[in-house]
Amino acid sequence: MPSPTATRRNPPGSAAKPRVKKRRTPRQIARGVRRRARRLAGRLRGAYRRSLQLRVVTSTLVISMVVVAVLGVFLFQSITDAMIAGRVRAATAEAKANVSSVAGYFSVSQNDVPKDQVALTMTPVELAARDLAERAGSRYNVVIRNDRLVGQDRATGNIDASSVPEKLRRDLKQTREITRQPTVLRYLDNARPAQIGFAVGSLVYGSDGVYEIYHLFPLQEEEETLSSVLQLLVIVGAGLVLLLAAIASLVTRQVVTPVRLTRQAAERLASGRLEERLKVRGEDDLARLATSFNEMAANLAVKIHQLEELSQVQRQFVSDVSHELRTPLTTVRMAADLLYEAREDFDPMAARSAELMQNQLERFESMLADLLEISRYDAGAATLDLESVDMRDVVLRAVGDSEALAERHATRFELRLPNEPCMAECDTRRVERILRNLLFNAIEHGEGKDIAVILGADRDAVAIAVRDHGVGLRQGEENMVFDRFWRADPSRARTIGGTGLGLAISREDAILHGGWLQAWGAPGEGTQFRLSLPRLAGTELKGSPLPLVPPEVEMRRSWRGQVTPVLSAAAGESGGFDGD
């Protein structure tokens, strides 16, 4: 029997209900649009920064648009002013002529008007309006007004008398001269749409008082002409801007293409392809650039070849000398061992000399071993003997090998190891050598204070830090400490008989494992060396489980309001501090 909570199935033959798609709210839609806009803007900014041709074309396009816009506005304004000024002059002249021709109608009384059949019932105002209407046709309209004759105002066509501005009337009465003013022409019963125009006012003195004659000229034709001119200017300006952009793109391409080829050749040259050369075409500046690049590449290849030969000779010399010195050193060693064993039979001075010779021979043998190891690294012959080990055991063995030296310098080790096994693939011999070198260095410069050895791990990496509280390092010495035969104080003698190659070999061992060996130090704060290794050999190391700067130092400096300076990786690896 099926459970009540079992999933119900549709009966056979019935169609499944379509899933209702959840509608997004306007806020979600706006957020998505903003996100896409930001992503698109980011891609455009990236393309703009990377492409010289795009920057030149964009700059040319913007400058061209500004120049064309300024010139277009100036040209359009000049054409407008010229057309309007010409139209106003012609209209003013025509208005003057019309006023002069109809002035006679207002200088006679009503009884002196000719008694023809048409004018029997017409007043002088109506006669003047008829005459002006015949002259105007459909080109303009006329309004005649007289404040003394109520109801005698006349207008030609369907023009509304309110189209005459009151300001024009006041100015006309004050100046008593022909006056012009822009206005909006309105028509009775909305027979025609309102138009932009201007009014020309004149005064005529007659027997019945002062008559105001206003000529109202529309600017519709000029407006249409200017609209056509504006469209033409916009089309021509846009075409000119696009043409300039195309020309800039073509010209820039002729310059950018050889530069891109040069960049690609330089990248291939930097990757080690010393035979890379550019094709030389023509005799211009770009051709001379290609010629200079080829000469530089050829000289660089020669110099690199010479340096490789010199380095090879140097490495071979060190290797040969180291091997050749082993035979006489073995003989001297045998004799020194005999003298050292019989030193009790010698007088005190001779016995002390035998002890000194024994110590220096041991140091000499160690130096020869280090030189042979360095020569193997230089020749690229160093290999790893990998095995999966518990890093706690490696640390304990290295500490055990250093305890005798630590006791002679009154130094104690403080171990901070995890409780769980810390497995990693590494060359045990090389990692123990790295730790011994770090411990010996901490003992020599730790001034008898305790040395902390910390082991940390995460999913991808393991790290071992050796922390002393001695003199520390000055700024910039965190990288120099890994140089061969480098000393922070050249006048200071080595107290434990080191060769000056221990940290250099340790760094090479770390790099061979694909790891980092980094140093931090500050005067009076001591020094900390951090070895970071990947858990699995061959994987890329992206971070370290332990911080490079000791946490107590960071905390103390944060209390003081100071910022801890970021130190570069001693192994020269980029991103070495990502895991801190």
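Heads up: the structure comes first, above all this text.
Cut-offs used in this document
In every chain, residue numbers begin from 1 and rise along the written sequence. Local features in a predicted model are, by the rule used here, given only for residues with pLDDT of at least 70; side-chain atom pairs are given and counted only at 80 or more, and totals for whole chains, interfaces and linings are based on all residues. Heavy atoms throughout the structure, all of them, feed into the side-chain values; hydrogens and water do not. Counting from the N terminus, the helices are DSSP H or I runs at least four residues long and the strands are E runs at least two residues long. Think of it in three bands: residues with accessible area under 20% of the maximum for their type are buried, residues over 50% are exposed, and the middle band is partly exposed, with areas taken using a 1.4 Å probe on protein chains only. Residue contacts follow a heavy-atom distance rule, with two residues in contact if any of their heavy atoms lie within 4.5 Å. In this scheme, a helix's expected span is set at 1.5 Å multiplied by one less than its residue total. Residue types Ala, Val, Leu, Ile, Met, Phe, Trp, Tyr and Cys, when buried and joined through side-chain atoms within 4.5 Å, form a set referred to as a nonpolar core. Patches were defined on residues exceeding 30% relative accessible area and lacking a salt bridge, with like-charge contacts within 9 Å and nonpolar side-chain contacts (Val, Leu, Ile, Met, Phe, Trp, Tyr) within 5 Å. Each accessible area is a Shrake-Rupley result for a 1.4 Å probe, and residues are judged covered by the shown protein chains and nothing else. By salt bridge we mean one thing: a side-chain nitrogen of Lys or Arg within 4 Å of a carboxyl oxygen of Asp or Glu. A pair of strands counts as paired when DSSP detects no fewer than two bridges linking them. Any Phe, Tyr or Trp ring, taking Trp's six-membered ring, that has another such ring centre within 6.5 Å forms a pair; planes under 30 degrees apart are called stacked, those over 60 apart edge-to-face, and the others tilted. Every angle, taken between N-to-C directions, lies between 0 and 180 degrees, and every axis is a line fitted to C-alpha atoms, over only the stretch in contact when it is a helix. Roughly parallel means an angle under 35 degrees; roughly antiparallel, over 145; roughly perpendicular, 65 to 115; everything else is oblique. Crossings are sorted by hand: turned counterclockwise from the far helix by less than a right angle, the near helix makes the crossing left-handed, and turned clockwise it makes it right-handed. Residue type decides the class: Asp, Glu, Lys and Arg count as charged, Ala, Val, Leu, Ile, Met, Phe, Trp, Tyr, Cys and Pro as nonpolar, and the leftover types, Gly among them, as polar. Cysteine sulfur atoms that pair up within 2.5 Å are treated as a disulfide.

Enquirer: Hey, could you run me through the overall build of the chain in this one?
Expert: A count of helical and extended segments in the chain gives twelve helices and twelve strands. Counting over 580 residues, the chain shows a buried share of 35%. Of all intrachain contacts in the chain linking residues separated by at least 6 positions in sequence, the fraction that spans at least 24 positions is 67%.

Enquirer: Can you help me understand helix H8 (residues 391-408) in this one?
Expert: The α-helix advances 3.6 residues per turn, and as a result positions three or four apart in sequence lie on the same side. For H8, which comprises 18 residues, the first-to-last C-alpha distance of 27 Å matches the rise-based estimate of 26 Å (1.5 Å per residue) to within 8%. For H8, every residue scored as buried is listed here: Met391, Arg392, Val394, Val395, Ala398, Val399, Ser402, Leu405 and Ala406. On its buried face, H8 sits against strand S6 (387-390), strand S7 (413-416), strand S8 (423-426), helix H9 (428-445), strand S9 (451-457) and strand S10 (461-468). Looking at the residues trailing H8, positive phi occurs at Ala410, about 55°.

Enquirer: Sorry if this is basic, but what is going on with the nonpolar core here?
Expert: Counting residues in each nonpolar core, the largest one holds 34 residues, and the members touching the most others are Met391, Phe413, Val431, Leu435 and Leu531. In this structure, Met391 is in contact with Cys422, Ala424, Cys426, Val431, Leu455, Val462 and Ile464, ignoring residues within four places of it in sequence. Formed by 21 residues, the second largest nonpolar core is a distinct cluster that contains Ala95, Val99, Ala129 and Ile144.

Enquirer: I keep staring at a nonpolar patch on the surface and nothing clicks. Help me out?
Expert: A grouping of Leu240, Leu243, Leu244, Ile247 and Val251 is seen on the molecular surface, where their side chains present a nonpolar patch of about 400 Å² in accessible area. Its place among the elements puts Leu240 in helix H5 (residues 220-270). Exposure remark for Leu240: the relative accessible area of 39% places this residue in the partly exposed category.

Enquirer: Honestly, the sheet that holds strand S4 (residues 195-206) in this entry has me stumped. Any pointers?
Expert: Pairing between sheet strands relies on hydrogen bonds along the backbone, with the strands arranged either parallel or antiparallel. On the basis of which strands lie adjacent, the open sheet formed by five strands has the order S2-S1-S5-S4-S3 and antiparallel pairing. Each of the sheet's edge strands pairs with one partner strand only, and the pair in question is strand S2 (154-155) and strand S3 (179-185). In this structure, S3 lies alongside S4, joined through seven bridges in antiparallel fashion. Along S4, the bridge assignment pairs Leu185 with Gln195.

Enquirer: When you look at the packing of aromatic side chains in this model, what are you seeing that I'm missing?
Expert: Per the stated rule, a full pass over the model turns up three aromatic pairs. Ring geometry for Phe198 and Phe217: centres 5.4 Å apart, planes at 20°, overall stacked. Here Phe217 lies in strand S5 (residues 209-218) and Phe198 lies in strand S4, a separation of 19 residues in the sequence. The exposure class assigned to Phe217 is buried, which follows from its relative accessible area of 0%. Of the aromatic side chains, those joined through ring pairs into one cluster are Tyr140, Phe198 and Phe217.

Enquirer: What should I look at first to understand the side chain of His215 in this one?
Expert: Assignment of secondary structure puts His215 in strand S5. Excluding its chain neighbours within four sequence positions, the residues that come into contact with His215 are Ala95, Asn98, Val99, Leu132, Tyr140, Asn141, Val142, Phe198, Ala199 and Val200.

Enquirer: Is there a simple way to think about the pattern of salt bridges in this case?
Expert: Oppositely charged side chains are able to pair whenever their charged atoms sit close together. On inspection of all chains with the given rule, the structure shows 22 salt bridges. Between Glu477 and Arg474 there is a salt bridge whose closest N-O contact spans 2.8 Å. When its relative accessible area of 7% is taken as the criterion, Glu477 is described as buried. The exposure class of Arg474 is partly exposed, given its relative accessible area of 48%. Three or more residues joined by partner-sharing salt bridges are found here, namely Arg397, Asp401, Glu432 and Arg436.

Enquirer: Looking at this model, I keep getting lost on the sheet that holds S10. Mind explaining?
Expert: If you walk across this open sheet you meet the five strands as S7-S9-S10-S12-S11, and the pairing is mixed. This sheet does not close on itself; its edge strands, each paired only once, are S7 and strand S11 (516-522). This sheet shows a mean twist of 15° between the axes of neighbouring strands, independent of strand direction. Where S9 and S10 come together, six bridges link them in antiparallel fashion. Residue pairing for S10: Ala457 is matched across the bridge by Val462.

Enquirer: What am I meant to see in the packing of helix H2 (residues 52-106) against H5 here?
Expert: When two helices pack together, their arrangement is given by the angle between the helix axes and the distance between those axes. Contact geometry of H2 with H5 gives a least axis separation of 8 Å together with a crossing angle of 160°. When the interaxial angle is binned, H2 and H5 end up roughly antiparallel. The handedness of the crossing between H2 and H5 is right-handed. Split by residue class, the contact of H2 with H5 holds 20 nonpolar, nine polar and four charged.

Enquirer: Before we go on, may I ask you to explain the state of the cysteines in this structure?
Expert: Between two cysteines, a covalent bond joining their sulfur atoms is known as a disulfide. By the definition in use, this model includes zero disulfides. Cys422 supplies the cysteine sulfur nearest to Cys426, a cysteine that is in no disulfide, at a spacing of 9.9 Å.

Keep in mind that these numbers describe shape and distance, not what the molecule does.
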